[in-house]
Number of protein chains: 2
Amino acid sequence: MKQTYFTPGPAELYPTIYQHLQTAMDEQLGSISHRSQKFRDIYKFTDEQLRTLLNVPETHGIFFTGSASEVWERILFNCVEHESFHLVNGSFSKKFYDYANALHKYAHVFEKPFGEGFDANEIEVPEYAELICLTHNETSSGVQTRTQDIHKIKRKYAKKLVVVDMVSSAPYPDLDYSLVDSAFFSVQKAFGMPAGLGVWIASQTCLEKAERLQKYDSMTVGAHHTLPTLWSHYKTFETPATPNVLFIYLLGKIAEDLNKIGIDTIRKQTEEKARMLYKFLDDSADYTPFVQQERHRSQTVIVANTQKPSADVISNAKQAGMVVGTGYGKFKDSQIRIANFPATSFVQVEALIKQLSK
Amino acid sequence: MKQTYFTPGPAELYPTIYQHLQTAMDEQLGSISHRSQKFRDIYKFTDEQLRTLLNVPETHGIFFTGSASEVWERILFNCVEHESFHLVNGSFSKKFYDYANALHKYAHVFEKPFGEGFDANEIEVPEYAELICLTHNETSSGVQTRTQDIHKIKRKYAKKLVVVDMVSSAPYPDLDYSLVDSAFFSVQKAFGMPAGLGVWIASQTCLEKAERLQKYDSMTVGAHHTLPTLWSHYKTFETPATPNVLFIYLLGKIAEDLNKIGIDTIRKQTEEKARMLYKFLDDSADYTPFVQQERHRSQTVIVANTQKPSADVISNAKQAGMVVGTGYGKFKDSQIRIANFPATSFVQVEALIKQLSK
């Protein structure tokens, strides 16, 4: 039986992907050279569609990696000489912090318990931190940082670089890139694609920092996918190494489909579906929203405590053709996670609510 | 018009890929969790098929990255404390060497002109080099290193690690993994897949080296796709980050198809098609094989000097439905490159020869 995936990534595929994949195979895009005009046109198209969708200005480049996790490493290599600062409140923001330690950066951390969120006015960034690492949507706990708080932090610390992990929320967050130096996501979440491609948005300020670090005898910014090599190839819409051409094509086509609907509509639909889900959780005797503070509740990954063992809830939903995510880590047995991405419609969310209320 | 791609990667897709892709989409493999038993079964299946095809022993693990270029960086990070040694005779072996310099390793090099190959008896590895970096098939020039020479080098320098770049030849080279510590390839060459997945084979000895380096205060082995994290997840057929599940599935199915034919047959067919192509080049007044020494001629990427401007040859072939690769770098206008991968049949190679002889 065909299932509807409400898992927070890999997730339900965007409905148009099947036809785009067919076109790609018909046009033999899996065989074209990444040094051909045909590829450059694909990169340019995807770049344009993402710029429109996410409102990315000319000051920022858009690059492709193997995954968003890879970007954690790349931004730390390229934009941190000594010190980074991390807001940690779940498994993925924690991994970003772990990557900094693995690269022997001096990583500062402000940590909150799983399920709690951050507000700008409580953030004190250490004096010598060069990069402020924020997670817009913590996939493990369903906590979101409001974009206005992200912007406030940058306004307060204008000379520091700000990078936003928006892996499981893009294109939802309305980031102002005059106040965000870098952001990144992966395609298997809200873009409804199979996993295998990371997207890295970075500003010229990030590039300049990387170029400066590269000149130091004591520093390496890595060898693969360094910001200077990505950027120099980007000028002609090429990539330093052979990229995932097929997925770059699919991403461009899906971004185009989302642009046809319009990002404002996408955001409103996301909020309306999230409202339906949270209302159901609030009213139900069998579930409660995990995140207490409404302002910190994720619009794209909704986490609920379950009265029954979550395994039963998940198994019942599966029999009805719906796949719901398990809780993360130690919450595996007592929580479920519901992705609220553009690929799932109002009708499908209603069907899920009906199933969960049985 | 549907073209036959004789380009050395991205290349002609393996004929069965369309049906495997259809199955993958029907089974919604783009949506499954990489922490599910279904994914672990896919990884295990692909691992088994590659082990059979390439004769990889239990001492070696098989890991997935975003590309083979990424593996250049990973092996250098994980297996070199101070010094590496590189045989360089073209653009890709040179890039491997460049990566070592970018990571601030002390990189020794033995370089030969473009189009020339290496024999074991002329190789002197510097005393403190820890990793010997060999390129089985130099994609830019069509030069191959014989596997018996690779094995001889390891026998002479048994305590050093040997890594083999077989990006544009695997599964053709019959490597003896008791004499090869690590090898890697990407899927858009002889496996006939779209680009977007690198495969890294590495031994327990490589892992032990990485674990040793990780303990040094002064060393980082990177943060993403380190050998210790890859290996610890590999024990249960998982990956540290979300991998390209779809392509791992496709690779397993294509490896299975190749196993059904049998690796000995695949290798014989490769050699027979290469023989046809080189014979044609030798006999033709319009072309000459670029690589002089027969023992160094690649079986998988055949490079020819053209009498006519290569652009004309390529354009004529394209009109006849065949895409041939350009020469690399400064040989762009005077050479063509012809991929000889399992995806192209005897009949297709004959048709190409007929076209080129027009």
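On a predicted model such as this, the values are computed, not experimentally measured, just so you know.

Cut-offs applied
- Residues numbered from 1 in each chain as written.
- Chains lettered and ligands numbered in written order.
- Predicted model: local features only at pLDDT ≥ 70, side-chain atom pairs only at ≥ 80, totals over all residues.
- Heavy atoms only, no water.
- Helix = DSSP H or I, 4+ residues; strand = E, 2+ residues; numbered from the N terminus.
- Rg over C-alpha atoms; globule rule 2.2 N^0.38 Å.
- Buried < 20%, exposed > 50% of the residue type's maximum accessible area, 1.4 Å probe, protein only.
- Contact = heavy atoms within 4.5 Å.
- Areas by Shrake-Rupley, 256 points an atom, 1.4 Å probe, with all protein chains shown as cover.
- Lys, Arg positive; Asp, Glu negative; His and termini not counted.
- Charge placed at Lys NZ, Arg CZ, Asp CG, Glu CD.
- Salt bridge = Lys/Arg side-chain N within 4 Å of Asp/Glu carboxyl O.
- UniProt positions renumbered as here; feature names shortened; annotations may be inferred.
- 1 Å grid on protein atoms, 1.4 Å probe; cavity = no way out; pocket = protein on both sides within 12 Å on 5 of 7 lines; lining within 4 Å.
- Points joined across faces, edges and corners; volume = space filled by probe spheres on them.
- Nonpolar A, V, L, I, M, F, W, Y, C, P; charged D, E, K, R; others polar.
- Least-squares fit on C-alpha atoms with pLDDT ≥ 70 in both.
- Pairing = 2+ DSSP bridges.
- Axes fitted to C-alpha atoms, helices over the stretch in contact; angles between N-to-C directions.
- Phe/Tyr/Trp six-rings, centres within 6.5 Å; stacked < 30°, edge-to-face > 60°.

1. Quick word on the overall build of chain A
Within chain A, the secondary structure is distributed over eleven helices and 14 strands. For chain A, whose C-alpha radius of gyration is 20 Å, the value lies close to the compact-globule estimate of 21 Å for 358 residues. Counting only C-alpha atoms and orienting by the principal axes, one finds that chain A spans roughly 65 × 55 × 30 Å. Counting the 358 residues in chain A, one finds 67% classified as buried. The contacts of chain A with a sequence gap of at least 6 include a subset with a gap of at least 24, amounting to 71%. Total accessible area computed for chain A in this model is approximately 13,200 Å², and 49% of it derives from carbon and sulfur atoms. Taken as two groups, the 39 positive and 41 negative side-chain charges of chain A have centres that lie 2 Å from each other.

2. Description of the pattern of salt bridges
Residues and elements named next belong to chain B. Counted according to the given criterion, the structure contains 40 salt bridges over all chains. Salt-bridge contacts for Arg 146 lead to Asp 149; the nearest nitrogen and oxygen are separated by 3.2 Å. Given the relative accessible area of 27%, Arg 146 is considered partly exposed. The buried category is assigned to Asp 149, whose relative accessible area is 4%. Two residues, Asp 283 and Lys 279, come together in a salt bridge whose shortest N-O distance is 2.7 Å. Of this pair, Asp 283 and Lys 279 are both found in helix H9 (residues 263-283), four residues apart, which corresponds to roughly one turn of the helix.

3. Focus on the UniProt feature "domain: Aminotransferase class V" (unreviewed entry) in chain A
In the UniProt entry, the feature "domain: Aminotransferase class V" (unreviewed entry) is given for residues 127-327 of chain A. Across residues 127-327 of chain A, helical content stands at 38% and strand content at 19%; the span's end C-alpha atoms are separated by 37 Å.

4. Considerations on empty space enclosed by the protein
Inspection of the entire model under this criterion finds seven cavities of 30 Å³ or more. The calculated volume of the largest cavity comes to roughly 160 Å³. Lining the largest cavity are 18 residues, and of these A:Thr65, A:Gly66, A:His225, A:Thr242 and A:Pro243 sit closest to its centre. Each pocket or cavity is described by its volume, and for the second largest cavity that value is around 130 Å³. Lining the second largest cavity are 17 residues; nearest its centre among them are B:Thr65, B:His225, B:Thr242, B:Pro243 and B:Asn244. In terms of residue class, the lining of the second largest cavity is made up of four nonpolar, eleven polar and two charged.

5. A word on the relation of the copies chain B and chain A
The transform that puts chain B on chain A rotates by 180° and translates by 0.0 Å along the axis, for an RMSD of 0.0 Å. The symmetry that links the two subunits is that of a two-fold axis. In terms of proximity to the rotation axis, the leading residue of chain B is B:Gly66, whose C-alpha is 2.2 Å off the axis.

6. Looking at the side chain of A:Glu138
Residue and element names in this part refer to chain A. Within the element layout of this structure, Glu 138 appears in strand E6 (residues 137-138). In this structure, Glu 138 is buried with no salt-bridge partner, the nearest side chain bearing the opposite charge being Arg 337 at 7.1 Å. For Glu 138, the residues in contact, after removing those within four places along its chain, are Asn 89, Gly 90, Ser 91, Phe 92, Ser 93 and Val 143.

7. Comments concerning the sheet that holds strand E9 (residues 182-186) of chain A
All names here are of chain A. Taken in spatial order, the seven strands make up an open sheet running E2-E10-E9-E8-E5-E3-E4, and their pairing is mixed. Each having just a single partner strand, strand E2 (60-65) and strand E4 (106-111) make up the two edges of the open sheet. Averaged over all neighbouring strand pairs, the angle between strand axes comes to 20°, with direction disregarded. The pairing of E2 with strand E10 (residues 198-203) spans six bridges and is antiparallel. Of the residues in E10, the one forming a bridge with Phe 64 is Val 199. Relative to the sheet, helix H3 (residues 68-79) contacts E2, strand E3 (83-88), strand E5 (131-135), strand E8 (161-165), E9 and E10, its axis offset from that of E9 by approximately 160°.

8. Re the sheet that holds strand E11 (residues 287-289) of chain A
All names here are of chain A. Read across the sheet, five strands follow the order E1-E13-E14-E12-E11 without closing on themselves; strand pairing throughout is mixed. The open sheet is flanked by strand E1 (4-6) and E11, the only strands paired with a single partner. Neighbour-to-neighbour, the strand axes of this sheet turn through a mean angle of 35°, independent of strand direction. Strands E11, strand E12 (301-306), strand E13 (322-326) and strand E14 (335-339) of the sheet are contacted by helix H10 (residues 310-319), whose axis makes an angle of about 160° with E13.

9. Overview of the packing of aromatic side chains
Applying the stated rule across the entire model yields 40 aromatic pairs over all chains. Measuring from ring centre to ring centre gives 5.3 Å for B:Phe92 and B:Tyr328, while their planes differ by 65°; the resulting arrangement is edge-to-face. Placement of the pair is B:Phe92 in helix H4 (residues 91-102) and B:Tyr328 in the loop between strand E13 (322-326) and strand E14 (335-339), with a sequence separation of 236 residues. Owing to a relative accessible area of 21%, B:Phe92 belongs among the partly exposed residues under this scheme. When its relative accessible area of 23% is taken as the criterion, B:Tyr328 is described as partly exposed. Ring plane angle 15° and centroid distance 4.8 Å describe the contact between B:Phe185 and B:Phe191, whose orientation is recorded as stacked. Accessibility assignment for this pair places B:Phe185 and B:Phe191 in one class, buried. Clustering of aromatic rings is evident, with ring pairs tying together A:Phe39, A:Tyr43, A:Phe63, A:Phe64, A:Trp200, A:Trp231, A:Tyr234 and A:Phe237.

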